[in-house]
Amino acid sequence: TYIVMDPCVKCKFMDCVEVCPVDCFYEGENFLVINPDECIDCGVCEPECPVDAIKPDTEDEGTKWLEINTKYAAVW
Ligand code: SF4
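Each value, and the rule that gives it
Residues numbered from 1 in each chain as written. Predicted model: local features only at pLDDT ≥ 70, side-chain atom pairs only at ≥ 80, totals over all residues. Heavy atoms only, no water. Helix = DSSP H or I, 4+ residues; strand = E, 2+ residues; numbered from the N terminus. Rg over C-alpha atoms; globule rule 2.2 N^0.38 Å. Buried < 20%, exposed > 50% of the residue type's maximum accessible area, 1.4 Å probe, protein only. Contact = heavy atoms within 4.5 Å. Near = heavy atom within 4 Å. Nonpolar A, V, L, I, M, F, W, Y, C, P; charged D, E, K, R; others polar. Phe/Tyr/Trp six-rings, centres within 6.5 Å; stacked < 30°, edge-to-face > 60°.

Chemist: How would you sum up the overall build of the chain? Please name residues and give values.
Modeler: Looking only at helices and strands, the chain has two helices and four strands in total. The secondary structure elements of the chain, listed N-terminal to C-terminal, are β-α-β-β-β-α. Relative to the 2.2 N^0.38 estimate, which gives 11 Å for 76 residues, the radius of gyration of the chain is 11 Å and therefore close to what a compact globule would have. Referenced to the eigenvectors of the C-alpha coordinate spread, the extents of the chain come out at roughly 25 × 25 × 25 Å. Counting all 76 residues of the chain, 38% fall into the buried class. When contacts within the chain are restricted to residue pairs at least 6 apart in sequence, long-range pairs at least 24 apart make up 66% of them.

Chemist: Go over the site of the ligand with me, naming the residues and quoting the values.
Modeler: Around the ligand there are 13 residues in total, and Cys20, Cys39, Cys42, Gly43 and Cys45 lie nearest to it. The class makeup of the residues in the shell around the ligand is eleven nonpolar, one polar and one charged.

Chemist: Tell me about the packing of aromatic side chains, and name the residues and values.
Modeler: With the rule as written, the count across this model stands at two aromatic pairs. Seen in terms of ring centroids, Phe31 and Trp65 are 6.0 Å apart; in terms of plane orientation they differ by 80°. Their pairing is edge-to-face. Here the residue Phe31 occupies a position in the loop between strand E2 (25–27) and strand E3 (32–34), and Trp65 occupies one in helix H2 (residues 62–74), the gap between them amounting to 34 residues. The same class applies to Phe31 as to Trp65, namely buried. With centroids separated by 6.1 Å and ring planes inclined at 75°, the aromatic side chains of Phe31 and Tyr72 adopt a geometry described as edge-to-face. Of this pair, Phe31 sits in the loop between E2 and E3 while Tyr72 sits in helix H2, and the two are 41 residues apart along the sequence. Grouped by ring-pair contacts, the aromatic residues Phe31, Trp65 and Tyr72 constitute a single cluster.

Chemist: Can you explain the environment of Ile34? Please cite residues and give values.
Modeler: Relative to the assigned elements, Ile34 resides in strand E3. Along the sequence, Ile34 and Met5 sit 29 residues apart, while their C-alpha atoms lie 9.9 Å from each other. Other than its neighbours up to four places away in sequence, Ile34 contacts Thr1, Tyr2, Ile3, Val4, Cys24, Phe25, Cys39, Ile54, Asn69 and Ala73.

What follows is the structure, encoded as structure tokens:
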């Protein structure tokens, strides 16, 4: 799955949300998150992010951000 990491905080661009084919972006406290259960791992959003905040969860610190994304996506 892909996850949203800290550069997204206070970012106002929504380009990633628009391209996601399964609409799995949700609003966290002050940044967007991806619902890992809905993400189909297509990778389309990654190059769309202007602040480079979207990464695969295999990235360094990916586990930590996976938990955060899961937590905020679950609020919805
Ligand atoms: Fe959506 Fe694809 Fe990005 Fe997952 S990888 S959040 S399915 S655009």
